[in-house]
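# Residue-level structural notes
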Amino acid sequence: MATVLIASDAEWVHQDVRSVLPSDAVVESVGGGRQVVDAVLAVEPDLAVIDLQIGSMGGFATCLELRLEESGGRLPHIPVLLLLDRRADVFLARRAAAEGWLVKPLDPIRVRRAVEALLAGGTYHDESFRPTPVLVD
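Residues numbered from 1 in each chain as written. Predicted model: local features only at pLDDT ≥ 70, side-chain atom pairs only at ≥ 80, totals over all residues. Heavy atoms only, no water.

### Brief notes about the packing of helix 2 (residues 36-43) against helix 3 (residues 59-71)
- Contact geometry for helix 2 and helix 3: axes closest at 10 Å, N-to-C directions at 45 degrees. With respect to helix 3, the element helix 2 is oriented oblique. Here V36, V37 and V40 of helix 2 lie close against helix 3, whose contacting residues are T62, E65 and L66. (Axes fitted to C-alpha atoms, helices over the stretch in contact; angles between N-to-C directions. Helix = DSSP H or I, 4+ residues; strand = E, 2+ residues; numbered from the N terminus. Parallel < 35°, antiparallel > 145°, perpendicular 65-115°, else oblique. Contact = heavy atoms within 4.5 Å.)

Have a look at this one:
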């Protein structure tokens, strides 16, 4: 049984992620980045799914804080799946040391694949939105 923490201030994000989780998964939900560390301490999730744009402390800063607390020995390692708003945000996901990322809009198949990969100890890098090459004459 997996425990998944979802951090977003958008209810639709919580619903979309919950809909693809295994039926026996335990889900903890928070509405902002500032609540994530306390939630991790309380439930020690197997995965944190964090929306990039949440409240006054976004997903990038939240992921960095998790990594900082982990490096100080105050938190265990928690794999992070960042939900990005645009392809250019992949740079932020990499800098934050997230194990996975998805570019919105979300679809159930990609969310399920990402969750399964991260829960299995792997990574997931969304390649569904590759830019179209521009031909120059």
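### Some words on the side chain of H14
- Residue position: H14 is located in helix 1 (residues 11-18).
- Here the side chain of H14 touches S8 through a polar contact of 2.7 Å, landing on its backbone oxygen.
- Ignoring anything within four residues of it in the chain, the contact list for H14 reads I6, S8, S29 and V30. (Polar contact = N/O pair within 3.5 Å; in protein donor to acceptor, adjacent residues only side chain to side chain.)

### Brief notes about the pairing of strand 1 (residues 3-7)
- In terms of burial, strand 1 is a largely internal element, five of the five residues being buried.
- By the alternation rule, side chains of strand 1 split into T3, L5 and A7 and V4 and I6, which are all buried.
- Relative to strand 2 (residues 26-30), strand 1 runs parallel, the two being bridged by five bridges. Within strand 2, the position partnered with I6 by the bridge is S29.
- This β-α-β element, strand 1 to helix 1 to strand 2, shows right-handed connectivity.
- Bridge count for strand 1 against strand 3 (residues 47-51) is four bridges, and the pairing is parallel. Across the sheet, residue V4 finds its bridge partner in strand 3, namely L47. (Buried < 20%, exposed > 50% of the residue type's maximum accessible area, 1.4 Å probe, protein only. Pairing = 2+ DSSP bridges. Right-handed = clockwise from strand over helix to strand, strands pointing away.)

### Quick word on helix 5 (residues 108-119)
- Between its first and last C-alpha atoms helix 5 spans 16 Å; for twelve residues at 1.5 Å apiece the expected length is 16 Å, and the two agree.
- If you follow the buried residues of helix 5, they end up packed against helix 1, strand 3, strand 4 (80-84), strand 5 (100-103) and strand 6 (124-125).
- Sitting at the amino-terminal end of helix 5 is D107, which places a side-chain oxygen 3.1 Å from the backbone nitrogen of I109.
- G121 lies just past helix 5 and shows a positive phi near 95 degrees. (Expected span 1.5 Å × (residues − 1).)

### Thoughts on the nonpolar core
- Formed by 24 residues in total, the largest nonpolar core has its most connected members in I50, L66, V80, L82 and L84.
- For this core, the secondary structure elements donating two or more residues are strand 1, helix 2, strand 3, helix 3, strand 4, helix 4 (90-95) and strand 5.
- If near-sequence neighbours (up to four positions away) are discounted, V80 is found in contact with L47, A48, I50, C63, L66, R67, A98, E99, G100 and L118.
- If you look at the next biggest cluster of nonpolar residues, it comprises 19 residues, including V13, L81, L83 and Y124. (Core = buried A, V, L, I, M, F, W, Y, C linked by side-chain atoms within 4.5 Å.)

### Digging into the side chain of T62
- Looking at the secondary structure, you find T62 in helix 3.
- Within the local environment of T62, its side chain forms a polar contact with the backbone oxygen of M57, the two atoms lying 3.5 Å apart.

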